[in-house]
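A closer look at the structure
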Amino acid sequence: MTVQRTFSILKPDATERNLTGAINAMFESNGFRIVAQKRVQLSRHQAEQFYIVHKERPFYGELVDYMISGPVVVQVLEKENAVQANRDLMGATNPANAAEGTIRKTFAESIERNSVHGSDSVENAAIEIAYFFSGSEIVG
């Protein structure tokens, strides 16, 4: 197994409730290294482009509105099998269906305000990382 990088966003509901430290502690206690991180306020254009894959879905507009409603923390996580490990740690999109001990079970307020985003594949992780970070900003 090789070390991978994945992309994560701590969403507006998490930053609003000052949960960034607690969520990052969960990442670190589960063996992730945070190799890049910054707090940003997404513009509508950035959010629309980032979530363009969902453009035809009925929730797209609400998702974009939510993601620009407050600051987010974008970050690069590193670990063996990082993409799947992060998805497992995040838990199900709907926190009601998430396993105990996952980020969403612990912190999410609803399916819409579910505290975190994580890449769903190695390929998408690379695209998402490059969307927010230059190579020099990632320090492993």
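Residues numbered from 1 in each chain as written. Predicted model: local features only at pLDDT ≥ 70, side-chain atom pairs only at ≥ 80, totals over all residues. Heavy atoms only, no water.

1. Regarding the side chain of Asn86
Rules: Elements are defined by DSSP. Helices are runs of H or I of four residues or more, strands are runs of E of two residues or more, and each kind is numbered from the N terminus. Only heavy atoms matter for contacts: two residues are in contact if any of them lie within 4.5 Å across the pair.
Among the structural elements, Asn86 can be located in helix H5 (residues 82-90). Asn86 has contacts with Thr6, Phe7, Ser8, Phe27, Phe32, Leu77 and Gly118, leaving out every residue within four places of it along the chain.

2. Here's the deal with the packing of aromatic side chains
Here is the rule we go by: Here a pair means two rings of Phe, Tyr or Trp (six-membered ring of Trp) with centres within 6.5 Å. Their orientation is stacked below 30 degrees between planes, edge-to-face above 60, and tilted elsewhere. The cut-offs for exposure are 20% and 50% of the maximum accessible area for each residue type, with area from a 1.4 Å probe on protein chains only; residues under the lower value are buried, those over the upper are exposed, and the others partly exposed.
A complete count under the given rule lists seven aromatic pairs for this structure. Taking 4.9 Å as the distance between ring centres and 85° as the angle between the ring planes, the aromatic pair formed by Phe50 and Tyr51 counts as edge-to-face. With relative accessibility at 11%, the residue Phe50 sits in the buried group. Centroid distance Phe50 to Phe132: 5.5 Å. Interplanar angle 55°. Geometry classified as tilted. With Phe50 in helix H3 (residues 44-50) and Phe132 in helix H7 (residues 122-132), this residue pair connects regions lying 82 residues apart in the sequence.

3. Quick look at the sheet that holds strand S2 (residues 33-40)
Defined as follows: A strand pair is defined by DSSP finding two or more bridges across the two strands. To get an axis, a line is fitted to the C-alpha atoms, and for a helix only the part in contact is used. The angle between two axes follows their N-to-C directions and goes from 0 to 180 degrees.
The strand order across the open sheet formed by four strands is S2-S3-S1-S4, and the pairing between neighbours is antiparallel. Of all the strands in the sheet, the pair left with one neighbour each is S2 and strand S4 (116-118). Mean inter-strand twist for the sheet, computed between neighbouring axes without regard to direction, equals 20°. As defined by bridge partners, strand S1 (residues 3-10) adjoins S4 across three bridges and the pair is classed as antiparallel. Pairing of Ile9 across the sheet is with His117, part of S4. In the packing of H5 onto the sheet, the strands contacted are S1, strand S3 (72-80) and S4, and the crossing angle to S1 comes to about 35°.

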